[in-house]
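Residue strings, one per chain:
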Number of protein chains: 2
Amino acid sequence: MPNYTLYYFNGRGRAEICRMLMSAASVPYTDKRFEFNEWDKYRNEMPSFCVPVLDIDGQNKMPETMAIARYLAREHGFYGKNNMDMFRIDYICDCFYEIMHDYMRYFHAKNGRFWGNDSDMKSSDLNPYMQTRYMETCRRILPFMERSLEMRNSGSQFFMGDQMTLCDMMCYCCLENPMMENQSMFNSYPKLMALWKRVAAHPKITGYLKKRCSTNW
Amino acid sequence: MPNYTLYYFNGRGRAEICRMLMSAASVPYTDKRFEFNEWDKYRNEMPSFCVPVLDIDGQNKMPETMAIARYLAREHGFYGKNNMDMFRIDYICDCFYEIMHDYMRYFHAKNGRFWGNDSDMKSSDLNPYMQTRYMETCRRILPFMERSLEMRNSGSQFFMGDQMTLCDMMCYCCLENPMMENQSMFNSYPKLMALWKRVAAHPKITGYLKKRCSTNW
């Protein structure tokens, strides 16, 4: 097995899906975390000046959250059995990714980690827009996710039926902070909420959740 | 072969990668296009109130640009031969997608198609932020794409070597408008620019580019 190092900030954020997959697949890896004030030290080592990045055998630094997640999911059997399964897993993942993407931009703006030196805009100006955008993405995506879940086994198991796949773990990781911040927004999606708990209780996940680093994002 | 209908606005935008793949694979499909002022008519028929959407046999409406593109690429041999190939194709695609995503948000803001009724922000306030964000994404991603291209055959063929794959088509589709708007931004990436022309001249692409609908985005 290759020697993996995952680089990311000391938070769950975009990297958590990759960490969860590696734990679910019992893949050993170095979980390299750093603080925001250390970013300047790492930034230039990252291929596209972004994290997460997966380093393989100290030779290849591979960027992009979902490229890393898909690679791990294919390698370890969390990606379905045929092309139509993969299509379905992909669109469910991409829907949750939209929520995570808009949440992360809102989260950083809210915390004053404002991107965009060249613009005259201040973080405080941008924050309401980012929040509205993220909330609207939730309102647009979540009803469809609830319906998608119901398409297999009435939504009583996982998105693809009786086996947990990449998209169930995406559901867990992408909704974790949004649910902590605003539980009531999710009351209209009881099947999704039950799935969220089902993933947490899965034998391949429950041990990971107990022992992982505790961070507030 | 299934009966495909692709739904999108009357523009290239996010749908063009799907159209290009179907043409490159000689897959017949109905290219259903509508104008912005017709969106209210179509919006509620789309699973997550977004396009592009691929309808399969009039029974399944599948959303998400890259889920559609990956499905088509797997089905028709534009996704490499093994998991590490797919990883590489995925991260290159996701890098170009970042440019497209930020470009499309900037493009819509610039043209007054402002998303976000609940916010006090005006399109004119948001536009400089969106432009800066998009330009910064280009500056962050493009040098890495130039280097990634050079990793195989010195960058003289395609990202994966001698075969054109999904990520070469993504390069073409995602950079088309950015290059039209600001050619000089791309002068520092000669191998990428040569690849862009190589994709356009590929026997599976050149016919499509000649006969496709002509739109300015």
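Residues numbered from 1 in each chain as written. Chains lettered and ligands numbered in written order. Predicted model: local features only at pLDDT ≥ 70, side-chain atom pairs only at ≥ 80, totals over all residues. Heavy atoms only, no water.

Per an unreviewed UniProt entry, chain A goes by the name S-crystallin and belongs to Doryteuthis opalescens. You can read under Function (unreviewed entry) in the UniProt record for chain A the words "S-crystallins are structural components of squids and octopi eye lens. Contains relatively little if any GST activity." Database annotation for chain A, UniProt heading Sequence similarities (unreviewed entry): "Belongs to the GST superfamily." (UniProt positions renumbered as here; feature names shortened; annotations may be inferred.)

**Q** Can you tell me about the side chain of A:Thr65, naming the residues and giving the values?
**A** Within the secondary structure, A:Thr65 is located in helix α3 (residues 65-75). By relative accessible area, which is 4% here, A:Thr65 ends up buried. (Helix = DSSP H or I, 4+ residues; strand = E, 2+ residues; numbered from the N terminus. Buried < 20%, exposed > 50% of the residue type's maximum accessible area, 1.4 Å probe, protein only.)

**Q** Got a sec to walk through the domain arrangement of chain A? Specific residues and values, please.
**A** Residues and elements named next belong to chain A. If you check the domain split of chain A, you get domain 1 (4-77) and domain 2 (83-202). With 15 residues of domain 1 at the contact, the number on the domain 2 side is 17 residues. Joining domain 1 to domain 2, the criterion identifies 3 salt bridges. Close ionic contact of Asp90 with Arg70 constitutes a salt bridge, the shortest N to O distance being 2.5 Å. Listing elements by their share of the side of domain 1 that touches domain 2, those giving two or more residues are α1 (16-24) and α3. Class assignment for the residues of the side of domain 1 that touches domain 2 results in 9 nonpolar, 2 polar and 4 charged. (Domains from an automatic or database assignment. Contact = heavy atoms within 4.5 Å. Salt bridge = Lys/Arg side-chain N within 4 Å of Asp/Glu carboxyl O. Nonpolar A, V, L, I, M, F, W, Y, C, P; charged D, E, K, R; others polar.)

**Q** Can you break down the interface of chain B and chain A residue by residue, with the values?
**A** Facing the 47 residues of chain B at the interface are 47 residues of chain A. Of the roughly 4,500 Å² buried where chain B meets chain A, counting both sides, 63% is carbon and sulfur surface. Counting across the chain B and chain A interface gives 4 salt bridges. Put simply, A:Arg105 and B:Asp102 hold a salt bridge, and the shortest N to O gap is 3.1 Å. Taken together, the links from chain B to chain A amount to 14 residue pairs in polar contact (both at pLDDT 80 or more). Those elements that place two or more of their residues in the side of chain B that touches chain A are β3 (53-56), β4 (60-63), α3 (65-75), α4 (83-110) and α5 (123-150) of chain B. (Buried area = accessible area lost by both parts, 1.4 Å probe. Polar contact = N/O pair within 3.5 Å; in protein donor to acceptor, adjacent residues only side chain to side chain.)

**Q** How would you explain the pairing of strand β2 (residues 29-34) of chain B if you had to name every residue and give the values?
**A** All names here are of chain B. Alignment of strand β1 (residues 4-9) against β2, held across 6 bridges, turns out to be parallel. Residue pairing across strands places Tyr7 opposite Lys32, the latter belonging to β2. Between the parallel elements β1 and β2, the chain passes through helix α1 (residues 16-24) in a crossover that is right-handed. (Pairing = 2+ DSSP bridges. Right-handed = clockwise from strand over helix to strand, strands pointing away.)

**Q** Lay out the pattern of salt bridges in plain terms, naming residues and giving numbers.
**A** Residue and element names in this part refer to chain B. The final tally for this structure, using the stated rule, is 30 salt bridges over all chains. Taking the shortest distance from any N to any O, the salt bridge between Arg19 and Asp31 comes out at 2.8 Å. Of this pair, Arg19 sits in helix α1 while Asp31 sits in strand β2, and the two are 12 residues apart along the sequence. A relative accessible area of 1% means that Arg19 is categorised as buried. The salt bridge involving Glu176 is made with Arg212; its shortest N-O contact spans 2.4 Å.

**Q** Please provide a residue-by-residue account of the environment of B:Asp55, values included.
**A** All names here are of chain B. Its place among the elements puts Asp55 in strand β3. On the accessibility criterion, Asp55 (6% relative accessible area) is buried. As for Asp55 and Thr5, which are separated by 50 residues in sequence, their C-alpha atoms are 5.0 Å apart. Residues contacting Asp55, with those up to four places away along its chain left out, are Asn3, Tyr4, Thr5, Tyr7, Asn60 and Lys61. Reaching out from Asp55, the side chain makes a polar contact with the backbone nitrogen of Gly58 at a distance of 2.7 Å.

**Q** Please set out the UniProt feature "domain: GST N-terminal" (unreviewed entry) in chain A residue by residue, giving values where relevant.
**A** In the UniProt entry, the feature "domain: GST N-terminal" (unreviewed entry) is given for residues 2-80 of chain A. Strand forms 25% of residues 2-80 of chain A and helix 32%; the C-alpha atoms that close the span are 23 Å apart.

**Q** Tell me about the packing of aromatic side chains, residues and numbers included.
**A** Within this structure, the stated rule accounts for 38 aromatic pairs over all chains. For the pair A:Tyr106 and A:Tyr134, a centre-to-centre distance of 5.3 Å together with 10 degrees between the ring planes defines the contact as stacked. A residue pair is termed long-range when its members are at least 10 positions apart, and A:Tyr106 in helix α4 (residues 83-110) and A:Tyr134 in helix α5 (residues 123-150) qualify at 28 residues. The class for A:Tyr134 is buried, based on a relative accessible area of 2%. The interplanar angle of 75 degrees and the centroid separation of 6.4 Å between the aromatic rings of B:Tyr4 and B:Tyr71 together place this pair among those described as edge-to-face. On the criterion of sequence distance, the pair formed by B:Tyr4 in strand β1 and B:Tyr71 in helix α3 is long-range, its members being 67 residues apart. On the accessibility criterion, B:Tyr71 (3% relative accessible area) is buried. A network of ring pairs unites the aromatic residues A:Tyr8, A:Phe9, A:Phe34, A:Phe36, A:Trp39, A:Tyr42, A:Tyr103, A:Tyr106, A:Phe107, A:Tyr134 and A:Trp217 as a single cluster. A:Arg113 extends its terminal NZ or CZ atom over the ring of A:Phe36, reaching a point 3.8 Å from the ring centre. (Phe/Tyr/Trp six-rings, centres within 6.5 Å; stacked < 30°, edge-to-face > 60°. Lys NZ or Arg CZ within 6 Å of the ring centre and 35° of its normal.)

**Q** Explain the sheet that holds β3(B) to me, using residue names and the numbers behind them.
**A** Residues and elements named next belong to chain B. Ordered in space as β2-β1-β3-β4, the 4 strands form an open sheet in which the pairing is mixed. Bordering the open sheet on either side are β2 and β4, each of which pairs with just one other strand. Mean inter-strand twist for the sheet, computed between neighbouring axes without regard to direction, equals 20 degrees. Sheet topology places β3 next to β4; 4 bridges connect them, and they run antiparallel. (Axes fitted to C-alpha atoms, helices over the stretch in contact; angles between N-to-C directions.)

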